[in-house]
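# Structural overview
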Amino acid sequence: MKNPYQCMKGNAGRNPLRNDRGDISIFTCFFVVGIVMLVSFLLLYASIRITCINIRNGAKMELNNLSASIYADTYRSQRETNFSEYLNTH
């Protein structure tokens, strides 16, 4: 008896229950790998930028604290000096 599925054009000589979705070209594979690499690079770049922004903001805050403490110490030391001695030297 003749196989009834052999008459169909797109499935000549094949089992109809077979999965044919695994047939991809090598260019499709490279395209998918390239897109995945591009997305992962963009995520890594964004993560590094966020980390650098946080480090920069922390450093700026610490420098502001340091300059404020230097200013306070300088102001206090200028006030505690002997002002009459300062006037006599100039």
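This text follows the structure it describes.
Attention here is on the structure that accompanies the text. (Residues numbered from 1 in each chain as written. Predicted model: local features only at pLDDT ≥ 70, side-chain atom pairs only at ≥ 80, totals over all residues. Heavy atoms only, no water.)

## Some details on the overall build of the protein
The condition is simple: The numbering of helices and of strands both runs from the N terminus, where a helix is a DSSP run of H or I of at least 4 residues and a strand a run of E of at least 2. Exposed residues in this analysis have more than 50% of their type's maximum accessible area, buried residues have under 20%, and partly exposed residues fall in between, with area computed by a 1.4 Å probe over protein chains only. Note that accessible areas follow from Shrake-Rupley with a 1.4 Å probe, and for residues the cover is restricted to the protein chains shown.
Within the protein, the secondary structure is distributed over 2 helices and 0 strands. By the burial criterion, 1% of the 90 residues in the protein qualify as buried. Surface exposure of the protein reaches about 8800 Å², of which carbon and sulfur atoms provide 64%.

## Side note on a nonpolar patch on the surface
So the rule is basically this: Here the term patch refers to residues with relative accessible area over 30% and no salt bridge, with like charges joined within 9 Å and nonpolar side chains (Val, Leu, Ile, Met, Phe, Trp, Tyr) within 5 Å. The term salt bridge refers to a pairing of a side-chain nitrogen on Lys or Arg with a carboxyl oxygen on Asp or Glu at a separation within 4 Å.
The grouping of F31, V32, I35, V36, L38, V39, F41, L42, L43 and Y45 at the surface amounts to a nonpolar patch, some 1000 Å² of accessible area in total. Among the structural elements, V36 can be located in helix 1 (residues 26-80).

## Quick look at the packing of aromatic side chains
The test is simple: Here the aromatic set is Phe, Tyr and Trp, taking the six-membered ring for Trp, and pairing holds for ring centres within 6.5 Å; pairs whose planes are under 30 degrees apart are stacked, those over 60 apart are edge-to-face, and all others are tilted.
Per the counting criterion, the structure on display carries 1 aromatic pair. For the pair F41 and Y45, a centre-to-centre distance of 6.3 Å together with 25 degrees between the ring planes defines the contact as stacked. Within this pair, F41 and its partner Y45 are both found in helix 1, separated by 4 residues, close to a single helical turn. Residue class for Y45 comes out partly exposed when judged on its relative accessible area of 44%.

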